[in-house]
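Coordinate analysis (summary)
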Amino acid sequence: AQKVTQAQTEISVVEKEDVTLDCVYETRDTTYYLFWYKQPPSGELVFLIRRNSFDEQNEISGRYSWNFQKSTSSFNFTITASQVVDSAVYFCALSISRGSTLGRLYFGRGTQLTVWP
Amino acid sequence: GAGVSQSPRYKVAKRGQDVALRCDPISGHVSLFWYQQALGQGPEFLTYFQNEAQLDKSGLPSDRFFAERPEGSVSTLKIQRTQQEDSAVYLCASSLALDLPTSPLHFGNGTRLTVT
């Protein structure tokens, strides 16, 4: 079975602070994909990043960076110099590459990030 | 359209009523998913279409839930005899690719269903 755990329910920071959102996943598949989505108050899930299980290289995109470590089954997300506009719920998700529904996402419960001015 | 469109945005139903939720995916997108998101939770998979074929409905919680996509574009999620536990946000997502999950899903804003 697939499972994603986001232990942090809520995080509050002050603008310009760095913040890391944790994600731990479980799967027995050797080929899988990991995702982060942002859900602002409008409700739409916005895709941020996808990594496959064979690529452990860390990635940086502007103020966002992701740390994928297979040894600890973690895919953590760091926002550097946070801004008020970063306030949202962030979801980590897992997808496996077999079965009848490729692309089906298994989501964590989400982390509510609030950035105060 | 520019994105996935869902209607209505909000729906209030009395317990026992039937509801129909509509999803307009991005034009040309082959794959379409429905997810249910309870308050404070992550989205949970309901069902998946590839064009007009419903390939996976294993996530539908009961036989009161029914989804269709008759012409391979617009999809409707129908809930019969609604119960309070059906209250949630229903999210629709579409993707251009058949070769999932290489192509990320594009989500709509969802329909918030409240059953009173």
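Above this text sits the structure in question.
Residues numbered from 1 in each chain as written. Chains lettered and ligands numbered in written order. Predicted model: local features only at pLDDT ≥ 70, side-chain atom pairs only at ≥ 80, totals over all residues. Heavy atoms only, no water.

1. Here we look at the state of the cysteines
All told, the structure shown has two disulfides over all chains when counted by the stated rule. Covalently, C23 of chain A is tied to C92 of chain A through a disulfide, its sulfur atoms 2.0 Å apart. Classification of the bridge connecting C23 of chain A and C92 of chain A rests on its S-S torsion, roughly -65°, and on that basis the disulfide is left-handed. Placement of the pair is C23 of chain A in the loop between β3 (19-21) and β4 (24-26) and C92 of chain A in strand β10 (residues 88-96), with a sequence separation of 69 residues. Comparing C23 of chain A with C92 of chain A shows no difference in burial state: the two are buried. C23 of chain B shares a disulfide with C92 of chain B; S-S distance 1.9 Å. Handedness of the C23 of chain B-C92 of chain B disulfide follows from its S-S torsion of about -65°: it is left-handed. Linking C23 of chain B in strand β3 (residues 19-24) with C92 of chain B in strand β9 (residues 88-95), this pair joins segments that are 69 residues apart in sequence. (Disulfide = S-S within 2.5 Å. Helix = DSSP H or I, 4+ residues; strand = E, 2+ residues; numbered from the N terminus. Buried < 20%, exposed > 50% of the residue type's maximum accessible area, 1.4 Å probe, protein only.)

2. What to know about the interface of chain A and chain B
With 21 residues of chain A in contact, the opposing surface of chain B contributes 23 residues. For the chain A and chain B pair, buried surface summed over both sides reaches about 1900 Å², with 53% attributable to carbon and sulfur atoms. Across the contact surface, chain A and chain B share zero salt bridges. The interface formed by chain A and chain B includes five residue pairs in polar contact (both at pLDDT 80 or more). Going through the elements one at a time, β5 (32-39), β6 (46-52) and β10 of chain A are the ones with two or more residues in the side of chain A that touches chain B. (Contact = heavy atoms within 4.5 Å. Buried area = accessible area lost by both parts, 1.4 Å probe. Salt bridge = Lys/Arg side-chain N within 4 Å of Asp/Glu carboxyl O. Polar contact = N/O pair within 3.5 Å; in protein donor to acceptor, adjacent residues only side chain to side chain.)

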